[in-house]
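One-letter residues, chain by chain:
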Amino acid sequence: MDKKPNQPSKQRPPARRSSRGAAMRAQRQAVSDANRVASQYLDAAARHQTAPGVTKQAARPRRLEPSGTGRRANLIDDSPRLKIIGLGGMDGGGSKNMMVIEYQNDAIVIDCGNDLGVDLPGINYGIADTTYLDQIKNKLRAFVITHGHLDHMGGLPHILPKYNVPVYGGRFTIGRVEEIFQNFSLPMPDGFQLQTVIMNETTHERLKIGEFYVELVRVTHSIPGSTMVVIDTPIGRLINTGDFRLDPNPLDHERTDIARLEELTKGGVLVLMSESTTTERLGRTPSESTIEKSYIDIMDRAPGRIFVAIFSTNVNRVQMIVNAAVHHGRKIALDGRSMISTMEMAVRNGFMKIPKGTFVPIASVPNLKDNEVVIVCTGGQGEPNSALQRMAMGDHKHISLKEQDSVILSSMAIPYTGNDALIRSMVDDFLRKGVHVYRHETYELDHGGPLHVSGHGSIEEYRDMIKLIKPKFFVPIYGDYTAKKYHVDIALEEGVPRANMVNAENGQIITFTKDKMELTGEVPHGTILVDQTGAIVSTIVVKDRVLLAEEGMVAVVLTIDKKTGQLLTSPDIISRGFIYMKENEELMNAFRAELRRAVTQRFKRVDLDRFKAELKDYVTHFLYEQTQRSPIVIPVVNVIGGRAEKAGNELHRPGANGERPKTPEEIALEQQRRFAQMRQRLLNQDARVD
């Protein structure tokens, strides 16, 4: 039937002529792009394989050739040395933080975090590759944790069981360590038992661990119990600041212990390792206490229920919300597993003061008047499955957000995570529902006060720390290269010689004597990827996921008669993420015709493995020529007929299990039946299968 003159044609555009080489290059480019994305998170083995010119000598310290009269130029200096190695935290905004302190036969690991900013399909977070710890396992004496944020201790459930050494930290920090082990989704290995040691930073408790003496010093951050780690080594004193700000008026009155730091610096400090998260921010970070009035003011005028989204570990801020709610006669309901777990631990250990009858179960909220309740929950980062998002979507068991509710977002997007877009989309949804939203970024427009204070210092606080410690050597840590570079600049301004500083990368060995610092090699390092269940995911799998996400997949299933070399059924084509086949019938018909021709021309002329390889290349070329895209191609060739062992059916070879040997005709019929069942399962998966 002729088409009407003005009717638009649905014929596909003519294919572009492309050589087989162009198709193969396009496929290699697609694979290369996927590798580049995934290679940001290579483990140590993959990183070693991809590094140009890597030799076994790369991880060995370089021979030193000290100058001076009376000594031979090639004499090796074998004097004892202190090593500092960052297995994580020296890039990417200071995530999966892990620092190894090693001296001869003893080693301590400071922090053991995860990286929540990994943006790869199906990946929840990354942890540091511990190949090097495996190499020095006999030296490892302890893990010392500065504070209870996941980027400093979230990797412990994966890593600690391999070494089964004690974990040291302050009281709140150890409470958090025990909490994540209790909530971890996978079973621990047989024989592992969590060993923890609580250290008292207030009394300046000092413990001997191997050749080291370790002390914790209180510092202000956005979580209780934050500490610096002071390690006395045979070479000299080392101080790791952990995350800090110099808040003059914290709500819990737990100021940074400046007096103790002044005492510790009297004998001199060999190395200062200082966090570098916000070295680009001018001035000083405001005190946490400046935002307490904001909660009171919002509750004065908010018309409906009040929802506060906050980090579960920011106990001081939750205490402010409790104080404001009590002031207004409102009850508080908590939601979110991490929120409830952390609050229970904080109350149990005396880090929060809650008037009796303040907390109510989340299930009782629908029975309270709107002006009688405050709901404190997780979700300030726009996390898709957080308590706040489920309330907004109507998926929460007890509560749905409604018009005239008020939401306070008492946080800002975590740097380097890309959460800004998630938060913005969440705010859009709230405003569409008629919900009042209060944010720190727009507090003046929202006619409220500030709602967030960073847990990290600003330039002047980083400067003050260097002035206070007066280190001989300075190593910026817990930040990306740029942030650490700005920290080096601050130290230069404060008189630290450039030769006494290094902006090191993950894996680099920083070696110290009492008078000298140098880079002396590199150890295996990288990232191990973890999925939502807590299971480790291979980098190879992630590369395939990235490629699938970019280009999609096409599976071609051919059923061929062994004797005749002819197709027994029409070729089955399965497309995922490539094209919608029902809208591309002409292309699919041409594709099937090409597959029939390929079988006729090549199947009887080459062996099966070569035929599959040729088929994969042929399909890749054809699809690229037709679409200018290079999906993953999976050829499946089922050969029906012939002897059972050739078909891979070992159970029915002659005489197997004492049964009567089957005739070739019986075997062929059985293979056809099983293949028909398999084919039907494939074709019934969803409507995208033609």
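Just so you know, the residues in each chain are numbered from 1, in the order the chain's sequence is written. For this predicted model, a pLDDT threshold of at least 70 governs which residues receive local features, and a threshold of 80 or more governs which side-chain atom pairs are given and counted, while totals over whole chains, interfaces and linings are taken from all residues. Each side-chain value is worked out from all heavy atoms of the structure, with water and hydrogens disregarded.

1. Thoughts on the pairing of strand 15 (residues 331–335)
Step number 1: For strand 15, a buried count of 4 out of 5 residues is recorded, marking the element as mostly surrounded by other parts of the structure.
Step number 2: Judged from the 5 bridges that link them, strand 15 and strand 16 (residues 373–377) form a sheet pairing that is parallel. When the sheet's bridge partners are listed, Ala-333 is paired in strand 16 with Ile-375.
Step number 3: Between strand 15 and its parallel partner strand 16, the chain crosses via helix 10 (residues 337–348), and the hand of that crossover is left-handed. Throughout, exposure labels follow a simple rule: accessible area from a 1.4 Å probe, protein chains only, divided by the maximum for the residue type, with under 20% read as buried, over 50% as exposed, and the rest as partly exposed. Secondary structure elements follow DSSP: runs of H or I no shorter than four residues count as helices, runs of E no shorter than two count as strands, and numbering proceeds from the N terminus. Paired strands, in this sense, are two strands between which DSSP finds at least two bridges. Handedness of a crossover: with both strands directed away from the viewer, a clockwise path from the first strand across the helix to the second marks it as right-handed.

2. A few points about the environment of Lys-467
Step number 1: Within the secondary structure, Lys-467 sits in helix 13 (residues 459–469).
Step number 2: Spatially, the C-alpha atoms of Lys-467 and Ala-491 are 8.8 Å apart, while their sequence positions differ by 24 residues.

3. Concerning helix 12 (residues 420–432)
Step number 1: Taking 1.5 Å of rise per residue, 13 residues should cover 18 Å, and helix 12 covers 19 Å from first to last C-alpha, within 8% of that figure.
Step number 2: Just past helix 12, the residue Gly-434 takes up positive phi, approximately 80 degrees. Here, expected helix span is obtained from the residue count minus one, scaled by 1.5 Å.

4. Notes on the side chain of Glu-201
Step number 1: Secondary-structure assignment places Glu-201 in the loop between strand 8 (196–198) and strand 9 (206–209).
Step number 2: Contacts: residue pairs with any heavy atoms within 4.5 Å of one another. Glu-201 has contacts with Gly-170, Leu-216, Val-217, Arg-218, Gly-225 and Thr-227, leaving out every residue within four places of it along the chain.

5. Let's talk about the packing of aromatic side chains
Step number 1: For Phe, Tyr and Trp, where Trp contributes only its six-membered ring, two rings pair if their centres lie within 6.5 Å, and the inter-plane angle classes them as stacked under 30 degrees, edge-to-face over 60, or tilted in between. All told, the structure shown has 6 aromatic pairs when counted by the stated rule.
Step number 2: For the pair Phe-244 and Tyr-462, a centre-to-centre distance of 5.5 Å together with 80 degrees between the ring planes defines the contact as edge-to-face. Of the two residues, Phe-244 is situated in the loop between strand 12 (237–240) and helix 7 (258–265) and Tyr-462 in helix 13; the sequence distance between them amounts to 218 residues.
Step number 3: Given the relative accessible area of 0%, Phe-244 is considered buried.
Step number 4: Assessed through its relative accessible area of 0%, Tyr-462 is described here as buried.

6. A word on the environment of Thr-233
Step number 1: Here Thr-233 shows up in the loop between strand 11 (227–232) and strand 12.
Step number 2: Looking at Thr-233, the relative accessible area reads 10%, which means it is buried.
Step number 3: Distance in space between the C-alpha atoms of Thr-233 and Ile-101 is 9.5 Å, their sequence separation being 132 residues.
Step number 4: Residues in contact with Thr-233, not counting those within four places in the same chain, are Leu-82 and Phe-212.

7. Some remarks on the pairing of strand 10 (residues 212–218)
Step number 1: In terms of residue burial, strand 10 counts as a mostly covered element, since 6 of its 7 residues are buried.
Step number 2: Here 4 bridges tie strand 9 to strand 10, and the two strands are oriented antiparallel to one another. Pairing of Leu-207 across the sheet is with Val-214, part of strand 10.
Step number 3: Alignment of strand 10 against strand 11, held across 6 bridges, turns out to be antiparallel. Paired with Tyr-213 across the strands is Asp-232, a residue of strand 11.

8. Quick notes on the packing of helix 8 (residues 292–301) against helix 9 (residues 315–327)
Step number 1: Here helix 8 crosses helix 9 at 35 degrees, and the two axes come no closer than 9 Å. Considering how the two elements wind past one another, helix 8 and helix 9 form a crossing that is right-handed. Across the interface between the two elements, Glu-292, Tyr-295, Ile-296 and Met-299 from helix 8 touch Arg-317, Met-320, Ile-321, Asn-323, Ala-324, Ala-325 and His-327 from helix 9.
Step number 2: A class-by-class count of the residues in the contact of helix 8 with helix 9 yields 7 nonpolar, 2 polar and 2 charged. Fitting a line to C-alpha atoms yields each axis, with helices limited to the stretch in contact; the angle taken between N-to-C directions then spans 0 to 180 degrees. By convention, the crossing between two helices is left-handed when the near helix turns anticlockwise from the far helix through less than a right angle, and right-handed when the turn is clockwise. Gly is placed with the polar residues, together with every amino acid not listed as nonpolar (Ala, Val, Leu, Ile, Met, Phe, Trp, Tyr, Cys and Pro) or charged (Asp, Glu, Lys and Arg).

9. Here we look at the confidence of the model for the protein chain
Segments scoring low in pLDDT should not have their predicted coordinates read at a detailed level.
Step number 1: Averaged over the protein chain, the pLDDT score is 84; the fraction of residues at 70 or greater is 81%.
Step number 2: The predictor rates its confidence in each residue with pLDDT, a number between 0 and 100. Segment residues 643–657 is flagged for pLDDT under 50; beyond a separation of four residues in sequence, or across chains, it makes 19 contacts in the model.

10. Remarks on the sheet that holds strand 15
Step number 1: The 5 strands are arranged 15-16-14-17-18 in an open sheet whose pairing can be described as parallel. In this open sheet, the two strands that pair with only one neighbour each are strand 15 and strand 18 (436–439). Across the sheet, the axes of successive neighbouring strands diverge by a mean angle of 20 degrees, strand direction being ignored.

11. Let's talk about the pattern of salt bridges
Step number 1: One speaks of a salt bridge when a side-chain nitrogen belonging to Lys or Arg is within 4 Å of a carboxyl oxygen belonging to Asp or Glu. In the structure shown here, the tally under the stated rule is 26 salt bridges.
Step number 2: For the salt bridge of Asp-134 with Lys-162, the shortest nitrogen-to-oxygen distance reads 3.9 Å. Of this pair, Asp-134 sits in helix 3 (residues 131–135) while Lys-162 sits in the loop between helix 5 (156–159) and strand 7 (167–169); the two residues are 28 residues apart in sequence, bridging distant segments of the chain.
Step number 3: The partner of Glu-494 in a salt bridge is Arg-463, with the nearest N and O atoms 2.8 Å apart. Separated by 31 residues along the polypeptide, Glu-494 in the loop between helix 14 (481–493) and strand 20 (508–512) and Arg-463 in helix 13 bring together distant segments of the chain.
Step number 4: One network of salt bridges, with partners in common, ties together Arg-245, Asp-247, Glu-288 and Arg-317.

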